[in-house]
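What the coordinates show
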Amino acid sequence: MALIVLVAGIGMLIWENINGSINTPLNRTLYAGLPILLVFLGLVSFEQFIQQFRSRLLNLLETMGDASYSLYLVHGFILSPCAMIAHKLHLTRYPLLFCLFLLLSAVLSGWLCYRYVELPLNKRIKITLAARKANAVSPWALTPVSAYAGRGDHMVELGIGADSAEFPPSLRCHDNTFFATGIRQQIIEPLTG
């Protein structure tokens, strides 16, 4: 069934290329959209069949799938100069050869961009992000200061904190000391828990 759908789509494209477009109320939907849909459905149906036969061709197709974003970005800049080159080489007289030349030029340039631009950039970005993550420091570790808990002469150094002015007012007593329970609940437990 997949082969029939694929052949029907390709046949419709060839017929449309030879006879020209059909004037319908649906515009291009019938003479261009439907054949491409059939080709797409036919090729997708072959996916399980192709998966059974891992080969160089399949690896090439997977690589081209990986490079599809680069191809998408680059093809607009490549097609115009390649069309000019094809015109100088008189390839415009042969429409199939002209289209094949443009297609191969776009695919090759997309793959080159993927291989020599996208992959190295992705690698560098991953290394940079991993290094930043490894060197990341807790905000508490950036300000080594001391905090005390208790009242009056019974102060206990907690070794985590800051000057009394840096702590929230809810933790301060009237004499700028801190209740141990407030510090434990609002500062120590969130850090350790």
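Rules and cut-offs
Residues numbered from 1 in each chain as written. Predicted model: local features only at pLDDT ≥ 70, side-chain atom pairs only at ≥ 80, totals over all residues. Heavy atoms only, no water. Phe/Tyr/Trp six-rings, centres within 6.5 Å; stacked < 30°, edge-to-face > 60°. Buried < 20%, exposed > 50% of the residue type's maximum accessible area, 1.4 Å probe, protein only. Lys NZ or Arg CZ within 6 Å of the ring centre and 35° of its normal. Helix = DSSP H or I, 4+ residues; strand = E, 2+ residues; numbered from the N terminus. Expected span 1.5 Å × (residues − 1). Bend = angle between axes of the 7 residues up to and from the residue. Contact = heavy atoms within 4.5 Å. Core = buried A, V, L, I, M, F, W, Y, C linked by side-chain atoms within 4.5 Å.

What about the packing of aromatic side chains?
Within the structure shown, the criterion is met by 2 aromatic pairs. Judged by centre distance (6.5 Å) and plane angle (85°), the rings of tryptophan 111 and tyrosine 116 are edge-to-face. On the basis of relative accessible area, tryptophan 111 is assigned to the partly exposed category, the value being 29%. Exposure remark for tyrosine 116: the relative accessible area of 53% places this residue in the exposed category. In this structure, arginine 115 is placed above the aromatic ring of tyrosine 116, and the distance from its NZ or CZ to the ring centre is 5.2 Å.

Here's the deal with helix 6 (residues 95–135)
The end-to-end C-alpha separation of helix 6 is 58 Å, in line with the 60 Å expected for 41 residues at 1.5 Å each. The sharpest bend along helix 6 comes to roughly 40°, located at tyrosine 114. Regarding helix 6, the residues found buried are Phe98, Leu102, Ser105, Ala106, Ser109, Gly110, Tyr114 and Glu118. In the core, the buried residues of helix 6 are packed alongside helix 4 (56–66) and helix 5 (68–88).

Structural notes on helix 5
Given 3.6 residues to a turn, an α-helix orients residues that are three or four positions apart in the same direction. Here helix 5 is 21 residues long and its end C-alpha atoms lie 29 Å apart, about the 30 Å a rise of 1.5 Å per residue gives. At histidine 75, helix 5 shows its largest kink, close to 50°. Listed as buried for helix 5 are Ser70, Val74, Cys82 and Ala86. Contact partners of the buried residues in helix 5: helix 6. Histidine 90 lies just past helix 5 and shows a positive phi near 65°.

Digging into the nonpolar core
Counting residues in hydrophobic clusters, the biggest one holds 5 residues: Cys82, Ala86, Leu91, Phe98 and Leu102. Of all the secondary structure elements, the ones that give two or more residues to this core are helix 5 and helix 6. The contact partners of alanine 86, leaving out residues within four places of it in the chain, are Leu91, Thr92, Phe98 and Phe101.

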